Amino acid sequence: MKGQMELQHDTRERAPRAGPIQPPWPSKATILLVDDNTTLLTSLGKLLVRAGFWVDLAASGSHALELLEQRADTRHAHSLVVTDVVMPGMSGVDLLQQVKSRWPGLPVLLMTGAGSEGVLRAALRFRCDGYLDKPFGAEELLVLVRTTLEREKPVNGQGQAGPGQDQGVGQG
């Protein structure tokens, strides 16, 4: 399928190629991972796949929006978006704003090595569901992902949260 990414299994740095990523024991959650650093994108993708999640990779905010649109009405609609903040073109905060305006119940986690008060204010304004400061550990990411997915409990299989569910920043 156009726009989906597959993790590379060699150590050479290159952009991920098209193709589905299936975990060995899939959960019902599909995570969209967004980062312009392809090495980090691939490493985090492998971590999430090993943890049992379906994973789509996007190296830009615009590519992430394309993938969200493509999967919106499928059985593998995204359950969570995890995005870097600082990226060329569309930033992670811009992506957060677009996601929350088009898919209001879809949780979004931000990760950045360039944390600032401005980023935190924007994250609060656009209802970010969690935040990770780089560098972070694998367990820290997995705990936040699992906590966010458990809190959201999608009701229609498309990442849309049920009524009255809290969407706070930095929980987990």
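Undergrad: I would appreciate a short explanation of the overall build of the chain in the present structure.
TA: Helix and strand counts for the chain stand at five helices and seven strands. Of the regular secondary structure in the chain, the N- to C-terminal order runs β-β-β-α-β-α-β-α-β-α-β-α. Going through the 172 residues of the chain one by one, you find that 52% of them count as buried. Summing over all exposed atoms, the chain offers an accessible surface of approximately 8,200 Å²; the carbon and sulfur share of this is 53%.

Undergrad: Can you walk me through the packing of helix α2 (residues 61–71) against helix α3 (residues 92–102) in this structure?
TA: Two quantities define a packed helix pair, namely the angle between the helix axes and the distance between the axes. As a packed pair, α2 and α3 sit with axes 10 Å apart at the nearest point and diverge in direction by 20°. Looking at the two axes, α2 sits roughly parallel to α3. The handedness of the crossing between α2 and α3 is right-handed. Contacts between α2 and α3 involve Gly61, Ala64, Leu65, Leu68 and Glu69 from the former and Leu95, Gln98, Val99 and Arg102 from the latter.

Undergrad: Can you walk me through the side chain of Asp35 in this structure?
TA: Structurally, Asp35 is set in the loop between β3 (30–34) and α1 (38–50). In this structure Asp35 touches Leu40, Leu41, Ala58, Ala59, Asp84, Met87, Met111 and Lys134, once residues within four positions along its chain are discounted.

Undergrad: Mind showing me how you'd approach the pairing of strand β5 (residues 80–84) here?
TA: Counted residue by residue, β5 has five buried out of five residues, so it is predominantly covered. Side-chain alternation along β5 places Leu80, Val82 and Asp84 on one buried face and Val81 and Thr83 on a second face that is also buried. In this sheet, β5 lies alongside β3 in parallel orientation, the contact comprising four bridges. Each residue of the ladder has a partner; that of Leu33, found in β5, is Val82. Relative to strand β6 (residues 108–112), β5 is paired through four bridges, and the arrangement is parallel. In the strand pairing of β6, Asp84 is matched with Met111. Each parallel crossover has a hand, and for β5 linked through α3 to β6 it is right-handed.

Undergrad: Help me understand the nonpolar core, please; the structure alone is not making it clear to me.
TA: Counting residues in each nonpolar core, the largest one holds 25 residues, and the members touching the most others are Leu32, Val34, Leu68, Val81, Val99 and Leu110. When residues of this core are traced back to their parent elements, those giving at least two are β3, α2, α3, β6 and α4 (117–125). Core analysis: the next-biggest nonpolar cluster, separate from the first, contains 22 residues, Ala29, Val55, Leu141 and Val145 among them.

Undergrad: Mind showing me how you'd approach the pattern of salt bridges here?
TA: Counted by the stated rule, this structure contains five salt bridges. As a salt-bridge pair, Arg71 and Asp56 come within 2.6 Å of each other at their nearest N and O atoms. Of the two residues, Arg71 is situated in helix α2 and Asp56 in strand β4 (residues 54–58); the sequence distance between them amounts to 15 residues. Note that Arg102 and Glu69 form a salt bridge whose closest N and O atoms lie 2.0 Å from each other. Taken together, the positions of Arg102 in helix α3 and Glu69 in helix α2 put the pair 33 residues apart, joining distant regions of the chain.

Undergrad: Would you mind going over unusual backbone geometry with me for this structure?
TA: As a rule of thumb, non-glycine residues mostly have phi less than zero, and peptide bonds are mostly trans rather than cis. A cis amide bond links Lys134 with the next residue in sequence, Pro135, at an omega value of -5°. Counting through the fold element by element, Pro135 comes out in the loop between β7 (130–133) and α5 (138–152).

Undergrad: Quick question: what am I supposed to make of the sheet that holds β6 here?
TA: Pairing is parallel in the open sheet, where five strands are placed in the order β4-β3-β5-β6-β7. A single partner strand is all that each edge strand has here, and the edge strands are β4 and β7. Across the sheet, the mean angle from the axis of one strand to that of its neighbour is 20°, orientation sign disregarded. When β6 meets β7, the two strands line up parallel, connected through four bridges. If you follow Leu110 over to β7, its bridge partner there is Tyr131.

Thresholds applied
- Residues numbered from 1 in each chain as written.
- Predicted model: local features only at pLDDT ≥ 70, side-chain atom pairs only at ≥ 80, totals over all residues.
- Heavy atoms only, no water.
- Helix = DSSP H or I, 4+ residues; strand = E, 2+ residues; numbered from the N terminus.
- Buried < 20%, exposed > 50% of the residue type's maximum accessible area, 1.4 Å probe, protein only.
- Areas by Shrake-Rupley, 256 points an atom, 1.4 Å probe, with all protein chains shown as cover.
- Axes fitted to C-alpha atoms, helices over the stretch in contact; angles between N-to-C directions.
- Parallel < 35°, antiparallel > 145°, perpendicular 65-115°, else oblique.
- Left-handed = near helix turned anticlockwise from the far one by under 90°.
- Contact = heavy atoms within 4.5 Å.
- Pairing = 2+ DSSP bridges.
- Right-handed = clockwise from strand over helix to strand, strands pointing away.
- Core = buried A, V, L, I, M, F, W, Y, C linked by side-chain atoms within 4.5 Å.
- Salt bridge = Lys/Arg side-chain N within 4 Å of Asp/Glu carboxyl O.

None of the figures reported here should be taken as evidence of function without further support.
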